[in-house]
Amino acid sequence: MTYAHPIPTEGLVLGRALVPETTDDRISRVHARIDRQGDRLVVTDAGSRNGTFVNGHPPESAGTEVMPGAVIRTGRTLWAVVADVALVEIDRRVRAIFDAVQAAAPGSEISVGFLEVCLLSPPRTRTLVEAVVDAATRRAQLGGELVAEDLEVEARAGVYAVFPGIASAIGAAHRIAAKLAGATTRSLVGGNSLVEASRGERRVAITCPPSTAFLVEIHDGAALVASGYTLKDAEAIAVASAWLDGAPPADAPQFMRLADR
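Described in the following lines is the structure provided in the data block. Note that this is a predicted model, so its numbers are computed, not measured.

## Looking at the overall build of the protein
- Within the protein, the regular secondary structure consists of six helices and twelve strands.
- Contacts spanning at least 24 positions in sequence make up 46% of the contacts within the protein whose residues lie at least 6 apart.
- Total accessible area on the protein is roughly 13,600 Å²; 53% of this is exposed by carbon and sulfur atoms.

Below you can see the structure in the form of structure tokens.
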């Protein structure tokens, strides 16, 4: 279960009240606090029975400052600090779209334009998921990827209208992750999304920005073997898949030449 909670000027208590459907029996009713101190965010434990951890470490008695990207653990519940809660909402909607499409038409491809239409102009008369399922079912019969024209929508001004680029980055990340077994995605500061996948010591990290090219980094253990840019998500997938499937390290720099084509 995912919740998004803006941090008000008076601060926020992290505890059971914020996660009413939780099954975590190790989180206290008042477990920790996150407070605003000017431009800073500071986390303190509130005398919880099972302790609070910030990026894996207990906070200082006077509090530990956190930045976007920090992870706070209370019991078995994780809290991610993000720069803009709207990113969480967009990611949630994109994931709902992907899940609905795969349920209605497994293996369907989704274009960036289709995602942007879903986010910018949700239908008024039906739920977003219902509309997406209908569009996916029709497209599955025709073949090809879902495009903006597949979704009949009525424009509604101002709904995520300032985030089309971010929607594209999140959508690209989910498309790439769907092609890499065990891959995870997360939003980064600045509208970027990150895809990570690993097999043994081999790891790939693909940064998906709102615009321009994808940054692909391939790692062997702690060592960065090669990095470079690709112009298409298909190229990023090819680079990542080849490395994870056991391509020799000596060949890794050659993968990066995809960006020069």
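## Brief notes about the pairing of strand S12 (residues 223–230)
- Two elements, strand S11 (residues 214–220) and S12, share seven bridges in a ladder whose sense is antiparallel. Across the sheet, Phe214 pairs through a bridge with Thr230, a residue of S12.
- Hairpin connection, S11 to S12: the antiparallel pair is bridged by two residues, and Gly221 has positive phi, about 65 degrees.

## Points about the sheet that holds strand S6 (residues 71–74)
- Reading across the sheet, the three strands line up as S4-S6-S7 and stay open at both edges, with antiparallel pairing between neighbours. A strand with exactly one partner marks an edge of an open sheet, and here the two such strands are strand S4 (52–54) and strand S7 (77–80). The average undirected angle you get between the axes of adjacent strands in this sheet is 20 degrees.
- Pairing analysis gives four bridges linking S6 to S7, with the strands arranged antiparallel. Looking at the pairing, Thr74 lines up with Thr77 of S7.

## Brief notes about the packing of aromatic side chains
- Taken as a whole and judged by the stated rule, the model has zero aromatic pairs.
- Seen from the ring of Trp243, Arg202 lies directly overhead, with NZ or CZ sitting 3.9 Å from the centre.

## Quick notes on the pairing of strand S9 (residues 193–199)
- Of the strand pairs in this sheet, strand S8 (residues 184–187) and S9 are connected by four bridges, and their pairing is antiparallel. Within the sheet, the bridge partner assigned to Thr184 lies in S9 and is Glu196.
- What sits between S9 and strand S10 (residues 202–208) in their antiparallel hairpin is a turn of two residues, with Gly200 showing a positive phi close to 65 degrees.

## So, helix H5 (residues 233–244)
- Relative to the 16 Å expected for twelve residues at 1.5 Å per residue, H5 spans 16 Å between its end C-alpha atoms, a close match to the ideal helical length.
- Across the twelve residues of H5, nine count as buried, placing the element largely inside the fold.
- Of the residues making up H5, those classed as buried are Asp233, Glu235, Ala236, Ile237, Val239, Ala240, Ser241, Trp243 and Leu244.
- At the C-terminal side of H5, Gly246 shows a positive phi close to 105 degrees.

## A word on the pattern of salt bridges
- With the rule as written, the count across this model stands at seven salt bridges.
- Of the charged contacts, one joins Arg199 and Asp245 as a salt bridge, the two residues approaching to 2.4 Å between their closest N and O atoms. Taken together, the positions of Arg199 in strand S9 and Asp245 in the loop between H5 and helix H6 (252–255) put the pair 46 residues apart, joining distant regions of the chain.
- A residue is classified by how much of its surface remains accessible, and Asp245, at 58% relative accessible area, is exposed.
- In this structure, a network of salt bridges that share partners links the residues Arg186, Glu196 and Arg203.

Rules and cut-offs
Residues numbered from 1 in each chain as written. Predicted model: local features only at pLDDT ≥ 70, side-chain atom pairs only at ≥ 80, totals over all residues. Heavy atoms only, no water. Helix = DSSP H or I, 4+ residues; strand = E, 2+ residues; numbered from the N terminus. Contact = heavy atoms within 4.5 Å. Areas by Shrake-Rupley, 256 points an atom, 1.4 Å probe, with all protein chains shown as cover. Pairing = 2+ DSSP bridges. Axes fitted to C-alpha atoms, helices over the stretch in contact; angles between N-to-C directions. Phe/Tyr/Trp six-rings, centres within 6.5 Å; stacked < 30°, edge-to-face > 60°. Lys NZ or Arg CZ within 6 Å of the ring centre and 35° of its normal. Expected span 1.5 Å × (residues − 1). Buried < 20%, exposed > 50% of the residue type's maximum accessible area, 1.4 Å probe, protein only. Salt bridge = Lys/Arg side-chain N within 4 Å of Asp/Glu carboxyl O.

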